[in-house]
Amino acid sequence: MSEHRFTCAVCGAEKVHTGEFTTGYGMDNGGNKVCYDCCGKREWEYMRDTGRATLYLVDRQGCGWEVTNWPGTLKFRVRSIRKGSHNLAGARYDVRFIDSTGAEWHGVTYGNMTQICHCRRLKQKGKRAA
């Protein structure tokens, strides 16, 4: 295993990452290195602000399903999952999960050869837009 050192552009912490398959960081639009923890926080801020996210649907093999970001620093337990059919992808998975604020989300994954889950926050029932 190789050791890699970098400074996170968001939190400023010096990080040490050991691993063969990952770098230990993501890159922002400016090419700056962002640690996985800050990637999760940024992903959450984007979700909260826009009501949309592209995450991953993961089967935890006996521990249930999760929707997560790539490094796994942002996770939501799937409350319900339904498998249906799709004319091109063959299968379609519809999931629902609750975020840390209590808002309900819906996600869709198309096909069996991907984990990409297109998510959006659902409107709360009984609430009117101001």
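About the thresholds
- Position numbers for residues start from 1 in each chain and track the written sequence from start to end.
- Only residues with pLDDT of 70 or above have their local features reported here, since the model is predicted, and side-chain atom pairs are shown and tallied only from 80 upward, although totals for entire chains, interfaces and linings are computed over all residues.
- Water and hydrogen atoms play no part in the side-chain values, which are based on all heavy atoms of the structure.
- Strand pairing follows a simple DSSP-based rule, namely that at least 2 bridges must link the two strands.
- For helices the rule is a DSSP run of H or I covering at least 4 residues; for strands it is a run of E covering at least 2, with both sets numbered from the N terminus onward.
- Between the N-to-C directions of two axes lies an angle of 0 to 180 degrees, each axis being a line fitted to C-alpha atoms and, for a helix, fitted only over the stretch in contact.
- Note on contacts: a residue pair is in contact if any heavy atoms of the two residues lie within 4.5 Å.
- Here, nonpolar core refers to any group of buried Ala, Val, Leu, Ile, Met, Phe, Trp, Tyr and Cys residues whose side-chain atoms link them within 4.5 Å.
- When a residue's accessible area, from a 1.4 Å probe over protein chains only, is under 20% of the maximum for its type it is buried; when over 50% it is exposed; and in between it is partly exposed.
- Any Lys or Arg side-chain nitrogen located within 4 Å of an Asp or Glu carboxyl oxygen qualifies as a salt bridge.
- By this rule, a helix spans an expected 1.5 Å times one less than how many residues it contains.

**Student:** Would you take a moment to explain the sheet that holds strand 7 (residues 75-86) for this structure?
**Tutor:** Hydrogen bonds between backbone groups are what pair the strands of a sheet, and the pairing can be parallel or antiparallel. As summarised here, the arrangement of the six strands in space is 5-6-7-8-9-10, forming a closed barrel in which the pairing is antiparallel. When the angles between neighbouring strand axes are averaged without regard to direction, this sheet yields 40 degrees. With seven bridges joining them, strand 8 (residues 90-98) and strand 9 (residues 104-110) adopt antiparallel strand pairing. Paired with Asp94 across the bridge in strand 9 is Val108. Where helix 1 (residues 36-50) meets the sheet, it contacts strand 5 (52-59), strand 7, strand 8, strand 9 and strand 10 (116-121), and its direction lies at approximately 125 degrees from that of strand 5.

**Student:** Can you help me understand the nonpolar core in this one?
**Tutor:** Grouped together as the largest cluster of nonpolar side chains are 17 residues, with contacts concentrated most on Met47, Leu55, Leu57, Val67, Phe76, Phe97 and Cys119. Sorting the residues of this core by element identifies helix 1, strand 5, strand 7, strand 8 and strand 10 as the ones contributing at least two each. Excluding residues that lie within four positions of it along the chain, Met47 makes contacts with Arg52, Ala53, Leu55, Leu74, Phe76, Phe97, Trp105 and Arg121. Counting seven residues, the second-largest nonpolar core is a separate cluster that includes Phe6, Cys8, Tyr25 and Cys35.

**Student:** How should the pattern of salt bridges be read in this particular structure?
**Tutor:** For side chains of opposite charge, pairing can occur when their charged atoms come near one another. Enumeration according to the criterion identifies eight salt bridges in this entry. Where Glu14 meets Arg5, a salt bridge forms, and the shortest distance between an N and an O atom there is 3.7 Å. With relative accessibility at 54%, the residue Glu14 sits in the exposed group. Notably, a salt bridge pairs Arg42 with Asp28, separated by 4.0 Å at the nearest N-O pair. Remark: Asp28 occurs in the loop between strand 3 (25-27) and strand 4 (33-35) and Arg42 occurs in helix 1; sequence separation between them is 14 residues. Here the salt bridges do not stand alone but share partners, grouping Glu3, Arg5 and Glu14 into one network.

**Student:** So what exactly am I meant to see when it comes to helix 1 here?
**Tutor:** Residues lying three or four places apart along an α-helix face the same way, a consequence of the helix completing one turn every 3.6 residues. The end-to-end C-alpha distance of helix 1, which contains 15 residues, comes to 21 Å, matching closely the 21 Å that a straight helix rising 1.5 Å per residue would cover. Gly51 sits one or two residues past helix 1 and shows a positive phi near 75 degrees.

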